[in-house]
Amino acid sequence: MMSASAASPSAVLPGVARKVGSLRKERRWALITAYVSLVVAAIVMLAPPFYMLITSLKTSAEISNPVGTPWIVRNPTLENYWALISDPMFRGFFFNSIKITAAVVCVTMVISVLAAFSLARMKFFGSGLLATGVFLTYLVPDTLLFIPLYQIVGGLGLLNSIWGLVLVYPTLTVPFCTWIMIGYFASIPKELDEAALIDGANWMQMLTKIFIPVALPGIIAATIFAFTVSWAAFVYPTAFITRPDEMPLTIGVVSQLIRGDTFAWGQLMAGALLAALPPVIVYAFLMDYYIAGLTAGATKG
Amino acid sequence: MAQVSIRKVVKEYEGGVQAVKGINLEIDDHEFVVLVGPSGCGKSTTLRMIAGLEEISGGEIAIGGGVVNDIPPRDRDIAMVFQNYALYPHMSVYDNMAFGLMLRKFPKEEIRRRVENAAQILDIKVLLDRKPKALSGGQRQRVAMGRAIVRDPKVFLFDEPLSNLDAKLRVQMRTEIKKVHQTVKTTTVYVTHDQVEAMTLADRVVVMNHGVIEQVGPPQELYHHPQTKFVAGFIGSPAMNFIPTRLVETSGALNLELSSDIVLPIPEDRIGRYKAHAGRELLFGIRPEHMTEVRPNDHRPGLASFHATPEVVEPMGAETLLHFWKDGHEICAKFDPGVAVEPGVRTPMAIDMNRMHLIDPKTDRVL
Amino acid sequence: MALDATTITETGRPAAPATGGMTLQRFARRRSTIAFLMALPLIAVIAGLVAWPAGYAIYLSTLNRRMTSFIGLGNFEILLDSETFRMVIWQSCIFAITAVVLKALLGFWLAHMLHHIPTKGQRVWRGMLLLPWVVPPALSTLGWWWMFDPSYSSLNWLLTAMGGPSIPWLGEPGWARASVIIVNVWAGTPFFMIMYLAALKSVPDQLYEAAAIDGATGWQGLRFVTLPMMRNIISITVLFSLIVTFANYDIVRVLTNGGPRDLTHVFASYAFQVGVLSGNIPRGAAVSLFMFPLLATVAFFMLRGVNQRNREMA
Ligand SMILES: Nc1ncnc2c1ncn2[C@@H]1O[C@H](COP(=O)(O)OP(=O)(O)OP(=O)(O)O)[C@@H](O)[C@H]1O
Ligand SMILES: [Mg+2]
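Bear in mind that the values here come from a model prediction, so they are computed numbers and not experimental data.

## What about the overall build of chain A?
Summing up its helical and strand segments, chain A has 15 helices and zero strands in all. Burial statistics for chain A: of 301 residues in total, 54% are counted as buried. The contacts in chain A between residues at least 6 apart in sequence include a share of 73% that link residues at least 24 apart.

Printed below as a string of structure tokens:
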């Protein structure tokens, strides 16, 4: 036994070295696979927006008489963008979107912060049931509701009005925002409100002075979510709005910039990019909050 | 400043758990009272009922003479320090301390004066602009206390304020709390499960067990004159030894028969107290520190001696602990570190019978 | 009451705002009243804008076209009898299942790859790969529509440049269906990726180390450590995505508008076509109600998962 183990080092060592070598090789291969996958994925993911950008910089002439690859632009021009920006109708879409989104974000945040505070901390008869209800409504898609809502909004005389959209958009935003705010509020230690209670805070002060500041990241995430969702909403405006002057951007670009058979592709792509710009900017600056909000729904519930 | 009266207070949680089963306690003005007991005995529940954070199921609590059962916490004029400090993470130290005063609409000047005064007492003046995240555990602890001090309330409530600190800091903060109390003299109710903390801080210690108060008294009294087996075993470290024994009367003298070979004489001044129980099976209680090596020149009355074979010897530095087993009971003795003891070697020991206790195993009361 | 309060609030100190001696019971009762009031707007939204319309949809679906008389399940019978609608059911299911499976697999793969590169670089890659999810789908689909354009398709240019065939993306039913799925997968994969990445990051490294020491290969580590730990998130994400994909409208509307020959319609776009564009509100409502059974099933499983987790945490 003794002699065997004494003799073995020289025999074992090359084997160990080979093992280590293959481990390193394995790691390198894994890394190469990872980068190759990511590069391919990034190309696929970014190709459509890139091509939209390229197209938006082209003149109509260049688009309709392609020579060589369509993936590059030969005579870049901002003409398409200028045309849109100087078009009062397009500017109208933009303002409508801003008005709707601002109103919906405010309404949503007030409703969901108040409700989440009440559901996470104060409790009342039936509050458990309501929390489940919030979760269930979050699962109901807008495409199930738009026909009855079409009737209801029509009955209120709000078809073809941005206020009709402000009325119904909370169905898209409130459940999820409430849900993630409940999660954020519930993670605040109980002693903190007890301390505030002893310090003499009433419920409103507890909410505004303690809970909102402490759960600020959650509030930002929920606000971003409400913003993105109301900016991108498509089903409701398509169903409820047919007058161009009340249209928000999404449906405006899709329905009004496509006219006749010869499409102004350059302008269409420029319009789509301009319309997509606000959410992308928000995303670029607040990516961490954006992702926190996205994943909070699943990890907190 | 105020006294606190707890009268027949009961707490029953939803689901029928009785956490507190009808306790009575009078706390004097300026007094420092420590509630101590094992985990789950209802200390925190009692404290939270005083604070108004839990509703009182039965009985009444009065602060400064007025019954507060129906008063919400903010109007009880109490301040509380929590185990995890509960500092507002988004506020600076200054704002944390000022928050309660601000909500009570104190003038700015007064707030500043009080916060600075408290910061002075606690030596945290340089920290006033920091956020809690940038503080160490001990500093957070001080801020939490500062938040209580600035309010100048009728009563301070502490719920295990030191249990999140490391051992060394705990000792340091313990002294600090004592010092603060001597400065501001506010009536204090302090909850802990650490009996050393209880003994060092308290004017009076309240020992709780299973929702009832076992005994109330100054630390020395609890140590020397425990009234129940629970208190006798809970106070003191290492814990008191309990050995089954029989009390035998032989020609006017009383003896404890621990076994056929160990018979210990009861001191004369105790004979009257125990006489009525002669012939019964009882529990003999003796603290390790009263079971020592035999000192040659020690001739105090009431010293008894016997031999035992320690199986484990633990040198602790300031003392040496000997463990031996007798009829399945572990017994611990505390020796001077200068005495050489070997495990497995039969060793003579002295018992100070003046410090003994006899416990009725039926009622668990100390006789 | 007032007396009580004055005895408590000692005189001589800057008095606490007089709360008029509110009792603790009243305090508790008031608390639940305030809580209820705070939740009231939410209740209004849920009841008025979700529950009531959902019930109203059921009522609508039992009316005739002019909404003048009750015809029971007539609309559902007519729909099930129609060849077109049976194709819609078929197409909705194929679309949703294929797209979700692809998104889940690709998302998992990408999350895994992302997790394995050095942490420093992850932010940038994540930022790029998430872009399709950020752009409003109706707008990015416009870009795809342009790339699929029959005469100017930039995708076909790439294919022919590589010696491949030119594909009638939106002109032929099979390719049109594939195109819809491609766009949906493109837009939805980042969501899966980000969810799985979050889940992967929540698995402690020690577990892998312990598994490696126990002799697990990389593949076995995935099978016996990663997947079980992520089970919850995977199922929640898949179920949620199933609903969203099943109920999708934007992509079909912009890309094919249901064509060619109504073969790419899903429930939502067909409901829109029938209900809003052709003006048969009751039948449109009936179409959208066909989504309900799936929704209920998914909701059931999700709720069970959520409750289970709550129990585990309690
Ligand atoms: N909200 C509650 N609902 C039901 N039972 C509770 C609740 N809070 C505490 N209890 C129970 O009441 C009993 C006393 O709890 P309490 O918190 O007062 O113990 P404690 O003495 O402070 O213990 P520890 O030293 O562990 O803090 C325990 O048995 C506990 O399980
Ligand atoms: Mg406790």
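Moving on from the model shown.
## Thoughts on the interface of chain A and chain B
In this complex, chain A contributes 17 residues to the contact, which on the side of chain B involves 23 residues. Roughly 1700 Å² of surface becomes buried between chain A and chain B when both sides are summed, with 67% attributable to carbon and sulfur atoms. Looking only at chain A, the three residues that lose the most surface to chain B are E194, I198 and D199 of chain A, adding up to 40% of its buried area. The interface formed by chain A and chain B includes two salt bridges. Across the pair R48 of chain B and E194 of chain A runs a salt bridge whose closest N-O atoms are separated by 2.6 Å. Here chain A and chain B share ten residue pairs in polar contact (both at pLDDT 80 or more) between them. Mapped onto the side of chain A that touches chain B, the elements with two or more residues apiece are α9 (190-199) and α10 (203-214) of chain A. Here the element with the most residues in the side of chain A that touches chain B is α9 of chain A; it accounts for eight residues. Each residue belonging to the side of chain A that touches chain B can be placed in one class, and the counts come to ten nonpolar, three polar and four charged.

## A few points about the interface of chain A and chain C
Chain A puts 93 residues into the contact, and the matching count from chain C is 91 residues. For the chain A and chain C pair, buried surface summed over both sides reaches about 8300 Å², with 84% attributable to carbon and sulfur atoms. On the chain A side of the interface with chain C, the three residues burying the most area are L38, M45 and L144 of chain A, jointly 8% of the side's total. Between the two partners, chain A and chain C, sit two salt bridges. One salt bridge in this structure joins D288 of chain A and R126 of chain C, with 3.4 Å as the shortest N-O distance. Along the contact surface separating chain A from chain C lie eleven residue pairs in polar contact (both at pLDDT 80 or more).

## What to know about the domain arrangement of chain B
Residue and element names in this part refer to chain B. Splitting chain B by domain gives domain 1 (4-234) and domain 2 (241-366). A straight line from the C-alpha centre of domain 1 to that of domain 2 covers 39 Å. On the side of domain 2, eleven residues touch domain 1, which itself brings nine residues to the contact. At the boundary of domain 1 with domain 2, total buried surface from both sides reaches about 890 Å², with 55% on carbon and sulfur atoms.

## Thoughts on the sheet that holds strand β15 (residues 291-293) of chain B
The pairing of strands in a sheet comes from backbone hydrogen bonds and takes either a parallel or an antiparallel form. All names here are of chain B. A sheet is described by the order of its strands in space; here three strands give the open sequence β15-β20-β16, paired in antiparallel fashion. Here the strands that pair on one side only, and so sit at the sheet edges, are β15 and β16 (303-308). With strand direction ignored, the average angle separating the axes of adjacent strands in the sheet is 40°. As paired strands, β15 and strand β20 (residues 347-352) are joined by three bridges and run antiparallel to one another. In the strand pairing of β20, M291 is matched with I351.

## Describing the packing of aromatic side chains
Each aromatic ring pair is characterised by the separation of its centres together with the angle its planes make. Taken as a whole and judged by the stated rule, the model has 51 aromatic pairs over all chains. Each ring, one from W144 of chain C and one from W186 of chain C, has its centre 5.6 Å from the other, and the planes form 70°; the classification is edge-to-face. In this pair, W144 of chain C sits in helix α7 (residues 137-147) while W186 of chain C sits in helix α9 (residues 173-201), placing the two residues 42 residues apart along the sequence. Pair check on accessibility: W144 of chain C and W186 of chain C agree, each one buried. Ring pairs connect the aromatic residues F135, Y138, F176, W179 and F225 of chain A together with F108, W133, F191, F192, Y196 and F240 of chain C, which therefore count as one cluster. Over the face of the ring belonging to Y88 of chain B we find R147 of chain B, whose NZ or CZ atom lies 4.9 Å from the ring centre. Stacked on the ring of Y223 of chain B, the Lys or Arg R287 of chain B has its end atom at 4.3 Å from the ring centre.

## A look at the site of ligand 1
Residues and elements named next belong to chain B. Around ligand 1 sit Y13, A19, S39, G40, C41, G42, K43, S44, T45 and E160, and those are all the residues in its vicinity. For ligand 1, an oxygen atom lies 2.7 Å from a polar atom in the backbone of G40. Interatomic distance of 3.0 Å between a backbone N/O atom of G42 and an oxygen atom of ligand 1. Burial of ligand 1 by the surrounding chains reaches 59%, relative to a free accessible area of 640 Å². Among the elements that take part in the shell around ligand 1, helix α1 (residues 43-51) stands out by supplying three residues, more than any other.

## Looking at the confidence of the model for chain A
Residues and elements named next belong to chain A. Per-residue pLDDT for chain A averages 85, and the proportion of residues at 70 or more is 90%. By mean pLDDT, the top-scoring element of chain A is helix α7 (residues 162-168) (94), and the lowest-scoring one is helix α1 (residues 2-56) (73). Across residues 1-18, confidence stays below pLDDT 50; counting only partners more than four residues off in sequence or on other chains, it has zero contacts.

## Quick notes on the UniProt feature "transmembrane region" (unreviewed entry) in chain A
Residue and element names in this part refer to chain A. In the numbering used here, UniProt assigns the "transmembrane region" (unreviewed entry) feature to residues 29-51, 93-117, 129-150, 162-186, 207-234 and 264-286. What you have in residues 29-51 is 100% helix and 0% strand, and the ends, taken at the C-alpha atoms, are 32 Å apart. Along residues 129-150 the backbone is 91% helical and 0% strand, and the end-to-end C-alpha distance reaches 28 Å.

## Remarks on the sheet that holds strand β7 (residues 155-159) of chain B
Residues and elements named next belong to chain B. Taken together, the six strands give an open sheet; going across it, the order is β6-β7-β8-β3-β9-β10, and neighbouring strands pair in mixed fashion. Both edges of this open sheet fall to β6 (78-81) and β10 (212-217), since each of them pairs with a single strand only. The mean inter-strand angle of the sheet, taken between neighbouring strand axes irrespective of direction, is 20°. Pairing geometry for β7 and strand β8 (residues 187-192), over five bridges, is parallel. Within β8, the position partnered with L157 by the bridge is V189. Here helix α4 (residues 137-151) sits on the sheet in contact with β6 and β7, set at roughly 180° to β6.

## Brief notes about the environment of L159 of chain C
Residue position: L159 of chain C is located in helix α8 (residues 154-161). Residues within four places of L159 of chain C in sequence aside, it is in contact with G164, P165, I167 and W169 of chain C.

## Some thoughts on the domain arrangement of chain A
For interface size, the figure often reported is the accessible area lost on association. All names here are of chain A. Looking at chain A, the domain boundaries give domain 1 (2-56) and domain 2 (79-296). Between the C-alpha centres of domain 1 and domain 2 there is a distance of 43 Å. Contacts between the two partners involve five residues from domain 1, matched on the other side by eight residues from domain 2. When domain 1 packs against domain 2, the two sides together hide about 480 Å² of surface, and 74% of this comes from carbon and sulfur. Considering only the surface of domain 1 that becomes buried against domain 2, M52, T55 and S56 emerge as the three largest contributors, covering 88% of it. At the surface where domain 1 touches domain 2, the tally comes to zero salt bridges. Linking domain 1 with domain 2 are two residue pairs in polar contact (both at pLDDT 80 or more), by the criterion used here. Classifying every residue of the side of domain 1 that touches domain 2 gives three nonpolar, two polar and no charged.

## Some details on the pairing of β6 of chain B
Residue and element names in this part refer to chain B. Neither face of β6 is open: one carries I78 and M80, the other A79 and V81, and all of them are buried. By the bridge criterion, four bridges tie β6 to β7 in an arrangement that is parallel. Across the sheet, A79 pairs through a bridge with F156, a residue of β7.

## Side note on the nonpolar core
Membership of the largest hydrophobic core comes to 233 residues, with the highest contact counts inside it found for F185, Y236 and V253 of chain A. Every residue in contact with V253 of chain A, bar those within four places of it in the chain, is listed here: F90, F93, I258, L268, G271, A272 and A275 of chain A together with L139 and L142 of chain C. Judged by nonpolar contacts, the second largest core, of 46 residues, contains V115, L127, L165 and A202 of chain B.

Criteria and cut-off values
Residues numbered from 1 in each chain as written. Chains lettered and ligands numbered in written order. Predicted model: local features only at pLDDT ≥ 70, side-chain atom pairs only at ≥ 80, totals over all residues. Heavy atoms only, no water. Helix = DSSP H or I, 4+ residues; strand = E, 2+ residues; numbered from the N terminus. Buried < 20%, exposed > 50% of the residue type's maximum accessible area, 1.4 Å probe, protein only. Contact = heavy atoms within 4.5 Å. Buried area = accessible area lost by both parts, 1.4 Å probe. Salt bridge = Lys/Arg side-chain N within 4 Å of Asp/Glu carboxyl O. Polar contact = N/O pair within 3.5 Å; in protein donor to acceptor, adjacent residues only side chain to side chain. Nonpolar A, V, L, I, M, F, W, Y, C, P; charged D, E, K, R; others polar. Domains from an automatic or database assignment. Pairing = 2+ DSSP bridges. Axes fitted to C-alpha atoms, helices over the stretch in contact; angles between N-to-C directions. Phe/Tyr/Trp six-rings, centres within 6.5 Å; stacked < 30°, edge-to-face > 60°. Lys NZ or Arg CZ within 6 Å of the ring centre and 35° of its normal. Near = heavy atom within 4 Å. Areas by Shrake-Rupley, 256 points an atom, 1.4 Å probe, with all protein chains shown as cover. pLDDT = per-residue confidence, 0-100. UniProt positions renumbered as here; feature names shortened; annotations may be inferred. Core = buried A, V, L, I, M, F, W, Y, C linked by side-chain atoms within 4.5 Å.

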